[in-house]
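Inside the fold
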Amino acid sequence: MFQIMTRRFGLLDKNCCTAGGLDISLVQSHIIYEIDRKHNPSIQQVADALSIDITTFSRQVQSLVKLGLVQKTPLPEDRRIYILSLTTQGKFVATVIDEQMNDYLKEVFSHMSEFERDMVINAVKLLNESMAKSSVCCTPLG
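Summary of the structure given here. From a predicted model like this one, the values you see are computed outputs, not experimental measurements.

Looking at the packing of helix α2 (residues 26-37) against helix α4 (residues 54-66)
Running from amino to carboxyl end, α2 crosses α4 at an angle of 80°, the nearest separation of the two axes being 10 Å. Relative to α4, the element α2 lies roughly perpendicular. Contacts between α2 and α4 involve Val27, Gln28, Ile31 and Ile32 from the first element and Phe57, Gln60, Val61, Ser63 and Leu64 from the second. The class makeup of the residues in the contact of α2 with α4 is six nonpolar, three polar and no charged.

Given below as structure tokens:
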């Protein structure tokens, strides 16, 4: 069921969204979302939040900097630490992606009754809470 849901959500697609004339990958959209959600996070904070190794994460951030969506600023008190923020274009892209996801989910939920919609939302909340408590969740087994 989860594999089918993942495919239907397009989570395996190379590009998840198009915003401002740019094709944004799923990983890039997650990075943009986390930077937008947090107030001036460091590179390490966002990498940790997304469970991405710092080398891979740094490459992704650099691609977002080149696209003009993210700004990297050294912390004045420790120039080894970089703070991430969205540029004006980055905020626009974050808003467009958010609207696209909301529209998509509204359309998906439109095929359900209010009771069914509430049941799904509560089940997803319960699943997320259980995953957060799990000692094996979200890391490959084996």
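Topic: the pattern of salt bridges
This model, assessed by the stated rule, comprises three salt bridges. For Glu34, the salt bridge identified is with Arg37, shortest N-O distance 3.3 Å. With Glu34 and Arg37 both in helix α2 and three residues apart, this pair spans about one turn of that helix. Overall, the relative accessible area of 8% leaves Glu34 in the buried class. One salt bridge in this structure joins Asp78 and Arg80, with 2.9 Å as the shortest N-O distance. Connected through shared salt-bridge partners, Glu34, Arg37 and Lys38 make up one network.

What to know about a nonpolar patch on the surface
Together, Met1, Phe2, Met5, Phe9, Met101, Tyr104, Leu127 and Met131 make up an exposed nonpolar region whose accessible area comes to about 800 Å². Looking at the nonpolar patch, the elements that each hand over two or more residues are α1 (2-9), α5 (88-109) and α6 (114-133). Sort the elements by how many residues they give to the nonpolar patch and α1 lands first, with three residues. Inspection of the secondary structure puts Met1 in the segment before α1.

Rules and cut-offs
Residues numbered from 1 in each chain as written. Predicted model: local features only at pLDDT ≥ 70, side-chain atom pairs only at ≥ 80, totals over all residues. Heavy atoms only, no water. Axes fitted to C-alpha atoms, helices over the stretch in contact; angles between N-to-C directions. Helix = DSSP H or I, 4+ residues; strand = E, 2+ residues; numbered from the N terminus. Parallel < 35°, antiparallel > 145°, perpendicular 65-115°, else oblique. Contact = heavy atoms within 4.5 Å. Nonpolar A, V, L, I, M, F, W, Y, C, P; charged D, E, K, R; others polar. Salt bridge = Lys/Arg side-chain N within 4 Å of Asp/Glu carboxyl O. Buried < 20%, exposed > 50% of the residue type's maximum accessible area, 1.4 Å probe, protein only. Patch = residues over 30% accessible without salt bridge, like charges linked within 9 Å, V, L, I, M, F, W, Y side chains within 5 Å. Areas by Shrake-Rupley, 256 points an atom, 1.4 Å probe, with all protein chains shown as cover.

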